Amino acid sequence: MSNKGKFYITTPIYYPSDKLHIGHAYCTVATDVMARYKRLTGYDVMFLTGTDEHGQKIEDKAREAGVTPKQYVDNIVEGPRGVLDLWKLMNISNDRFIRTTDDYHEHAVQKIFRQLYEQGDIYKGTYKGKYCKPCESFWTESQLVDGKCPDCGREVQDAEEEAYFFRLSKYADRIRDLLENTDFLEPRSRVNEMINNFIKPGLEDLCVSRTSFTWGVPVDFDPGHVVYVWIDALSNYITALGYDNDKYNDYDKYWPADVHFVGKEIVRFHSIIWPAILMALNLPLPKKVFGHGWLLLDGGKMSKSKGNVVDPYLLSERYGVDALRFFLLRTFPFGSDGNFSNEALIGTINTDLANDLGNLLSRTVSMVGKYFEGGTLPAGQAADALDDELIALASGLRDKYEAAMERFAFQDALSEVFKLISRANKYIDETAPWVLSRDEANRPRLARVMYNLLESLRISAVLLTPFMPGTAAEILRQIGACPCCSDWESAGKWGALSATVTVTRGGNLFPRIDVEKELAALEELEAQARKAALPAVEVEPFLEEQVDFDTFCKSDFRAVKVKACENVKKSNKLLKFTLDDGSGTDRQILSGIAMYYKPEELVGKTLVAIINLPPRKMMGQESCGMLISAVHTEHGEEKLHLLMVDDAIPAGAKLC
RNA sequence: CGCGGGGUAGAGCAGCUUGGUAGCUCGUCGGGCUCAUAACCCGGAGGUCAGAGGUUCAAAUCCUCUCCCCGCAACCA
């Protein structure tokens, strides 16, 4: 394999305030595919990912959970089913993983901050904002909701705090030139967004320190200040290579980055702030920033609050990592948003992977085994004009694939591969090997047909390797490809596979999925997950208003005994109680609790009722009073318990 | 007039930069095959490309306006 030089690629460092979702997986898989592709083609690749672990939100989350911020992020990053587990499961081949809480990074950030301060690119000023006293939180004008605190809705007041600022404005012209006149930022549509929204209105200096929280890298020359996200997080791309630290020593080798893959919401930080910081540090700029689209759910974005976060861990376990990896890049154009759905996922697995690719391998290997002793093709094969189209398509595939990959057009690259897979399936129909097999004279021809199919599979498998490493290896194993006909070089050459190859029948690559059943199962799982995400127990908020003693005393609570209880006809909520209230006359009360109790289990119980409410008709029957219950919410579900008291209490006993 | 993206067959999407027969997947209808994971192959039906106007010999594609959906607006990929 020829060494073409280095390739440094990064994902954003994710914010571990919660478990990662399918959107994070999308970005990371795309980066992984690119990294594997570059390695395949002979580059020395450095692939970096990591986590951005400081900030107010994590400080808050940790407090809620009753742990230290470090314990909190440790759990999400290193804990069970955490970030590291997820990337391992998804077969992510990152060479390095950076956490912004790593010592070497923190020290480097302090050095960078100090350098920028000493050379005048960072200065001390005041940060003006709005302050909510009860919440002890700073807000910017734009964060306010109707001019009030977005958290509690109360009035806010003007406030100032001391802060350090980065002279972003100084670099405005150079940034504008970078965006408008180079292909630094892609896709191109993102450039307009940046220019119109941020450059044209004028770049303001950027607040790069905080005193309102402590979970961050301390500014070492000014206690009380912590470095804010910009310098802390963005600089990971160079500190992870060893910039300003002794942990690593690869800065000179790999910087500048060849591409930063980022989500569209952080394009601004990577295309404006990050280059400006690098300009100030007098360092080379990354060659490219690519802002990919989002995975949407039901047309809207994913968010915890919508309770619609899809769990990549679960999907990987259920369908296999390769299927999920493939689906993410096959289905959605990388530069724009895509609609994630379980139907689409299962549909893609069935159509592309099971029916087309899996079945092609299965039928091909099976025929070779059936028609040729020991699954070995004989020498002396007979070509035919019928083969030309297939061979031409397969021979030209690598170049088309490469062109698409170089544009980060994963969807197009896969689409090209599947054109060949499709063509090969058709080729089987055209050549009808089962007909050839009936006459021994056709043996040379039959062997050639099989060889052509194996060759098509081989080239496809090599090119699928970055997307589905495990699957591609299994295909190559089954068709008997040796390492020398499994590399990038060989993918561009028809005929690399030995003519007398021996195949090995294996299991099905991707079993077909029963769509209906599977969707129902997934919905059930997601419902459970949603439920688990809701608070375990919630109770009604307490009333602020006071009730005076006399009013309270007017409510006549009594112990009552259930003499009979039955469902009310045509009602699915109401139970009809016949009660002994100690007066000697039966009392009838209707209560809307049929979904919580069966009538027969209540007979004989001693309950509590208020008996001096005005009688009220429900479903044509009179209810004289109300039974008292305790209510609360569990995982979003209403729960109710009738108040049952000691049976030693006689009917009619007054509660006071 | 804050900015950006989008509105193309029943569903989901590509095509739009560089105008010239409207394409893919699923679904549906019909046919073929039997090697294979009830998979594979062929064919049909189904679209006034959101609406209106303009440029042009020619517009889904370029320009103008209108309507609708979504996202962003200092840190959720």
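See the structure printed just above.
Residues numbered from 1 in each chain as written. Chains lettered and ligands numbered in written order. Predicted model: local features only at pLDDT ≥ 70, side-chain atom pairs only at ≥ 80, totals over all residues. Heavy atoms only, no water.

(A) Structural view of the sheet that holds strand β11 (residues 226-227). Read from one edge of the open sheet, three strands run β9-β11-β10, paired in antiparallel fashion. Edge positions in the sheet fall to β9 (209-210) and β10 (217-218), since each has one partner strand and no second. Inspection of the sheet shows β10 paired to β11 by two bridges, in the antiparallel sense. Paired with V217 across the bridge in β11 is V227. (Pairing = 2+ DSSP bridges. Helix = DSSP H or I, 4+ residues; strand = E, 2+ residues; numbered from the N terminus.)

(B) Expanded view of the packing of helix α6 (residues 172-181) against helix α11 (residues 267-281). Look at α6 against α11: their axes get within 10 Å of each other, and the N-to-C directions meet at 125°. By the angle between their axes, α6 is oblique relative to α11. Between α6 and α11 lies a crossing of right-handed hand. Taken together, the residues of α11 that come into contact with α6 (itself represented by R174, I175, L178 and L179) are S271, I272, P275, A276 and M279. (Axes fitted to C-alpha atoms, helices over the stretch in contact; angles between N-to-C directions. Parallel < 35°, antiparallel > 145°, perpendicular 65-115°, else oblique. Left-handed = near helix turned anticlockwise from the far one by under 90°. Contact = heavy atoms within 4.5 Å.)

(C) Focus on the nonpolar core. Core analysis: the largest hydrophobic core is formed by 112 residues, its most contacted members being W87, F261 and F410. Tallying contributions element by element places helix α18 (residues 443-464) first for this core, with 13 residues. If near-sequence neighbours (up to four positions away) are discounted, W87 is found in contact with Y14, L20, H24, A25, T28, T49, I92 and F97. The next biggest cluster of nonpolar side chains, apart from the first, holds 58 residues, and it includes Y104, Y164, W230 and Y243. (Core = buried A, V, L, I, M, F, W, Y, C linked by side-chain atoms within 4.5 Å. Buried < 20%, exposed > 50% of the residue type's maximum accessible area, 1.4 Å probe, protein only.)

(D) Expanded view of the pairing of strand β2 (residues 44-51). By the criterion of burial, β2 is predominantly enclosed, with seven of the eight residues buried. Here strand β1 (residues 6-14) runs beside β2; their pairing, made up of seven bridges, is parallel. Bridge assignment links K6 to a residue of β2, and that residue is D44. On the question of chirality, the crossover connecting β1 to the parallel β2 by way of helix α1 (residues 22-40) is right-handed. Pairing analysis gives four bridges linking β2 to strand β3 (residues 96-99), with the strands arranged parallel. (Right-handed = clockwise from strand over helix to strand, strands pointing away.)

(E) A look at the environment of R325. With respect to the helices and strands, R325 occurs in helix α13 (residues 321-331). Separated by 234 residues in the primary sequence, R325 and N91 place their C-alpha atoms 9.3 Å from one another. A distance of 2.9 Å separates a polar atom in the side chain of R325 from the backbone oxygen of M90. (Polar contact = N/O pair within 3.5 Å; in protein donor to acceptor, adjacent residues only side chain to side chain.)

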